[in-house]
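The primary structure of each chain is shown beneath.
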Amino acid sequence: MAATGDLYMGFDLSTQQCKCLVVSSDLKLAHSATVDFDADLSHHGIKKGVLRNDAENEIFAPVAMWLEALDLVLSRLQAAGLDFSRVKGVAGAGMQHGTVFWGPKAEEVLGGLQGGKGLSEQLCGPGGDDEECVRMGVFSHAYSPNWQDASTQKQCEEFDLVLGGPEELARVTGSKAHHRFSGPQIMRFRQKYPEYYKNTSRISLVSSFLASVFLGRVAPIDISDVCGMDLWEISKGAWNEGLLSLAAGGKANMADLKQKLGHVPEDGGGSFGPISQYFVSRYGFNKECAVIPSTGDNPSTMLALPMREGDAIVSLGTSTTFLMSTPQYKPDPAYHFMNHPTTAGLYMFMLCYKNGGLAREKVRDALNATTNSADSKSWDAFNATALSTPVLGQADDTAPMKLGLFFPLPEIVPNLRAGHWRFNYSALNANAALPNALEPVTADSAAWGGAPADARAIVESQFLSCRLRSAGLVSAQTDPASGAALPPQPRRVYLVGGGSQNAAIADLCGQVLGGAEGVYRLDIGGNACALGAAYKAVWGVERGGESFETLIEKRWDEAGFVKKIAQGYRKGVWERYGVAVRGFEEVERRVLREERAGTGRNDVGETEMGSALSRGRDE
């Protein structure tokens with residue numbers, strides 16, 4: 001008997017892959033397919049999914065490659081037996097913060113695509129380069145600058161100043177200026193390619209580009225992803241005219257840029273309309289299949305589970321990312337706030353750190369070297385040492401706390417060069433306002449204890465940073481077992497990424513961050529973005545009056561995706577880390593102050609510059 005029932009598709013267009021997950025109405029996985037750009041589409045000359053112009057710090061991707069990938073992933077699903085006529089909704093996740101520039105014929109050609117030819121051929125031509133794109137008129141530029149691009153330093157400096165400083169820019173838009181954000185990218189595009197910019201009819205993010213292709217006309221930008229542009233005034237729900245004027249080259253050109261960007265609907269789940277006839281003809285989609293707004297990859301990750309207010313996701317990959325859903329808007333230049341992708345009144349709070357797994361691995365390797373471990377990559381010694389070391393390295397409650405910063409790569413939060421800084425912090429002296437509350441120490445000193453002390457300290461430092469910056473966003477909780485009131489902390493902490501498999505790291509996470517219901521591992525592989533998009537499609541079509549969280553929680557198979565791996569809140573321990581947060585904040589302030597004065601200490605000697613780009617989205 002043939003399978004029946006409605007299906008929903010979620011796409012993830014990331015740096016190195018295009019994925020699609022197909023789920024049923026009850027959220028069960030029905031089909032999946034992946035296209036790897038380097039393996040499947042290498043004729044575009046890309047490496048790790050991108051092209052580079054190192055002379056100008058440009059990193060970008062061919063739009064034609066993405067179009068080929070969409071056809072290829074759909075063809076693979078077709079070959080696997082997917083009945084496209086059962087698909088009632090599609091949604092996507094696009095890498096933040098890529099920018100796509102449409103030409104004057106975009107909507108005419110998008111609306112008249114023929115099922116007998118592929119997307120790339122019809123939209124970009126056989127070559128898909130700038131010359132051909134300009135000639136065809138669908139795109140004004142054949143390439144999309146992506147999140148790794150660092151060519152906009154000059155433009156970012158102007159963005160940070162135009163409203164009075166980075167603090168005010170963050171207050172208005174949710175973030176200070178960043179190289180990858182579309183506002184600075186649009187400004188540079190206009191300055192570098194004035195004719196291409198003049199020829200641009202509309203501007204999309206990668207997420208709205210995805211929705212546009214499925215819709216057959218240029219789709220609006222998503223209400224969450226728009227916050228990653230440095231152009232959207234979150235509190236007013238509108239484009240900020242001062243920022244538009246800067247990007248557009250003056251007030252006289254502001255209206256033109258606003259038209260290129262288009263209207264941004266507030267409803268993150270409202271259908272844009274039925275799928276383009278191209279997909280009906282070529283793959284057999286139901287002609288009534290709804291195109292639901294696509295969002296950014298980070299917002300979509302939050303949708304891969306029914307996150308409640310105050311829940312946190314910590315991604316422990318090469319880099320570290322901390323995400324929370326919160327009703328409080330408390331922006332700061334050190335982190336990001338965005339509108340929630342589905343739920344009005346909530347915001348997505350995001351911290352991004354370059355130093356994560358790499359920093360932990362360096363401590364692991366140093367510790368293994370001191371113990372002559374047969375396997376230099378084994379975590380056994382690191383884990384045993386981290387868990388056997390007392391909280392904060394204290395022999396007793398009155399002993400100094402061991403606090404440090406471990407940055408083999410230049411860090412974003414705080415903005416520091418590569419280096420290691422270690423301190424002993426006396427909370428007693430700090431309370432007494434004594435000058436020696438924070439004492440610098442070297443790694444091999446008796447006051448610190450070498451690599452064994454680093455094992456616990458590095459994990460504590462990474463979670464202390466998250467706790468410090470999220471402290472104003474968490475709310476009081478209730479112990480699910482006793483009903484007793486608990487201090488403000490996350491309800492649950494969900495771990496994803498390679499580090500989530502390490503039981504010692506998970507245990508320390510619970511000790512530092514808490515979690516009224518515990519620490520959980522989300523086991524969905526690298527598919528969180530696509531899964532969140534698929535769930536968004538289900539909700540967009542079937543929601544009735546239900547919120548995203550309510551609908552997904554009713555249908556979600558928690559036992560299949562989530563496993564409790566560590567206790568969260570521990571009375572006494574959590575409070576000691578609360579004291580340590582104050583010391584940790586002073587560590588950061590002192591190091592930043594000394595670095596700016598040119599007297600910064602660095603236990604590792606010469607600076608280890610490493611890569612200037614955050615790595616971890618596709619690893």
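Residues numbered from 1 in each chain as written. Predicted model: local features only at pLDDT ≥ 70, side-chain atom pairs only at ≥ 80, totals over all residues. Heavy atoms only, no water.

Looking only at helices and strands, the protein features 23 helices and 25 strands. Computed over C-alpha atoms, the radius of gyration of the protein comes to 25 Å, within 12% of the 25 Å expected from 2.2 N^0.38 for 619 residues, which places it in the range of a compact globule. Taken along its principal axes, the extent of the C-alpha atoms in the protein is 75 × 60 × 50 Å. Residues classed as buried in the protein amount to 59% of the 619 residues present. Within the protein, residue pairs in contact and separated by at least 24 positions form 70% of the contacts whose partners lie at least 6 positions apart. Of the roughly 23000 Å² of accessible surface on the protein, a fraction of 50% belongs to carbon and sulfur atoms. Taken together, the 60 basic and 71 acidic charged side chains of the protein have centroids lying 2 Å from each other. (Helix = DSSP H or I, 4+ residues; strand = E, 2+ residues; numbered from the N terminus. Rg over C-alpha atoms; globule rule 2.2 N^0.38 Å. Buried < 20%, exposed > 50% of the residue type's maximum accessible area, 1.4 Å probe, protein only. Contact = heavy atoms within 4.5 Å. Areas by Shrake-Rupley, 256 points an atom, 1.4 Å probe, with all protein chains shown as cover. Lys, Arg positive; Asp, Glu negative; His and termini not counted. Charge placed at Lys NZ, Arg CZ, Asp CG, Glu CD.)

Glancing now at helix α7 (residues 166–173). The set of residues buried in α7 consists of L169, A170, V172 and T173. End-on view of α7: buried residues confined to an arc of 165°, all on one side of the axis. Contact partners of the buried residues in α7: α6 (153–162), β10 (232–233), α11 (241–248) and β16 (336–339). Trailing α7 by a residue or two, G174 shows a phi angle of about 95°, which is positive. (Arc of directions from axis to C-beta.)

What follows deals with the sheet that holds strand β23 (residues 493–496). Strand order in the open sheet formed by 7 strands is β16-β17-β15-β14-β23-β24-β25, with mixed pairing between adjacent strands. Every interior strand has two partners, whereas the edge strands, β16 and β25 (562–566), have only one. Across the sheet, the mean angle from the axis of one strand to that of its neighbour is 25°, orientation sign disregarded. (Pairing = 2+ DSSP bridges. Axes fitted to C-alpha atoms, helices over the stretch in contact; angles between N-to-C directions.)

Turning our attention to unusual backbone geometry. Cis peptide bonds are those with omega within 30 degrees of zero, and the linkage from Q96 to H97 qualifies with 20°. Considering the arrangement of structural elements, one finds H97 in the loop between β6 (87–94) and β7 (99–102). In this structure, P414 follows V413 across a cis peptide bond, with omega equal to -5°. Relative to the helices and strands, P414 resides in the loop between β18 (401–407) and β19 (419–425).

Let us look at the packing of aromatic side chains. A complete count under the given rule lists 29 aromatic pairs for this structure. Cation over ring: K260 sits above Y197, and NZ or CZ is 4.9 Å from the ring centre. Seen from the ring of W574, R467 lies directly overhead, with NZ or CZ sitting 3.9 Å from the centre. (Phe/Tyr/Trp six-rings, centres within 6.5 Å; stacked < 30°, edge-to-face > 60°. Lys NZ or Arg CZ within 6 Å of the ring centre and 35° of its normal.)

Turning to the UniProt feature "domain: Carbohydrate kinase FGGY N-terminal" (unreviewed entry) in the protein, a few remarks are in order. UniProt's entry tags residues 147–303 with the feature "domain: Carbohydrate kinase FGGY N-terminal" (unreviewed entry), counted in the numbering of this structure. Note that residues 147–303 is 46% helix and 8% strand, and that its end C-alpha atoms are spaced 21 Å apart. (UniProt positions renumbered as here; feature names shortened; annotations may be inferred.)

Compared with the 24 Å implied by 1.5 Å per residue over 17 residues, the 25 Å span of helix α2 (residues 63–79) between its first and last C-alpha is a close match. When we look at burial in α2, the residues that qualify are V63, A64, M65, W66, L67, A69, L70, D71, V73, L74 and L77. Positive backbone phi, approximately 100°, marks G81, located one or two places after α2. (Expected span 1.5 Å × (residues − 1).)

It is worth spelling out the side chain of Q122 at this point. Inspection of the secondary structure assignment puts Q122 in helix α4 (residues 119–124). Among the polar contacts made by the side chain of Q122, one reaches the main-chain carbonyl oxygen of K117 at a distance of 2.9 Å. Setting aside residues up to four positions removed in sequence, Q122 forms contacts with V109, L113, Q114, K117, M136 and Y278. (Polar contact = N/O pair within 3.5 Å; in protein donor to acceptor, adjacent residues only side chain to side chain.)

Our next topic: the pattern of salt bridges. A complete count under the given rule lists 34 salt bridges for this structure. A salt bridge links R171 to E168; the shortest N-O distance between them is 2.6 Å. A residue pair is termed a helical-turn pair when its members lie 3 or 4 positions apart in one helix, as R171 and E168 do in helix α7 at 3 residues. Between E542 and R555 there is a salt bridge, and its shortest N-O distance comes to 2.5 Å. Of this pair, E542 sits in helix α20 (residues 528–542) while R555 sits in helix α21 (residues 548–555), and the two are 13 residues apart along the sequence. For E542, a relative accessible area of 23% corresponds to the partly exposed category. Taking the relative accessible area as the measure of exposure, R555 reaches 25% and is therefore partly exposed. In the salt-bridge network here, residues are joined through shared partners; they are D311, R491, R492, E517 and E558. (Salt bridge = Lys/Arg side-chain N within 4 Å of Asp/Glu carboxyl O.)

With that settled, consider the confidence of the model for the protein. Within the protein, residue pLDDT values average 92, and 96% of them lie at 70 or more. Below a pLDDT of 50 lies the segment residues 603–619, which in the model reaches 44 contacts outside its immediate sequence neighbourhood of four places, other chains included. (pLDDT = per-residue confidence, 0-100.)

Now for the domain arrangement of the protein. Considered domain by domain, the protein is made up of domain 1 (7–299), domain 2 (302–354 + 476–566) and domain 3 (357–470 + 579–596). Using only C-alpha atoms to locate each centre, domain 2 and domain 3 end up separated by 26 Å. On the side of domain 3, 23 residues touch domain 2, which itself brings 24 residues to the contact. Taken together, the connections running from domain 2 to domain 3 amount to 0 salt bridges. At the boundary of domain 2 with domain 3, the tally comes to 7 residue pairs in polar contact (both at pLDDT 80 or more). Broken down by secondary-structure element, the contributors of at least two residues to the side of domain 2 that touches domain 3 are β14 (312–316), β15 (320–326), β17 (347–353) and α19 (503–513). With 8 residues, the top contributor of residues to the side of domain 2 that touches domain 3 is α19. Taken together, the residues of the side of domain 2 that touches domain 3 break down into 16 nonpolar, 6 polar and 2 charged. (Domains from an automatic or database assignment. Nonpolar A, V, L, I, M, F, W, Y, C, P; charged D, E, K, R; others polar.)

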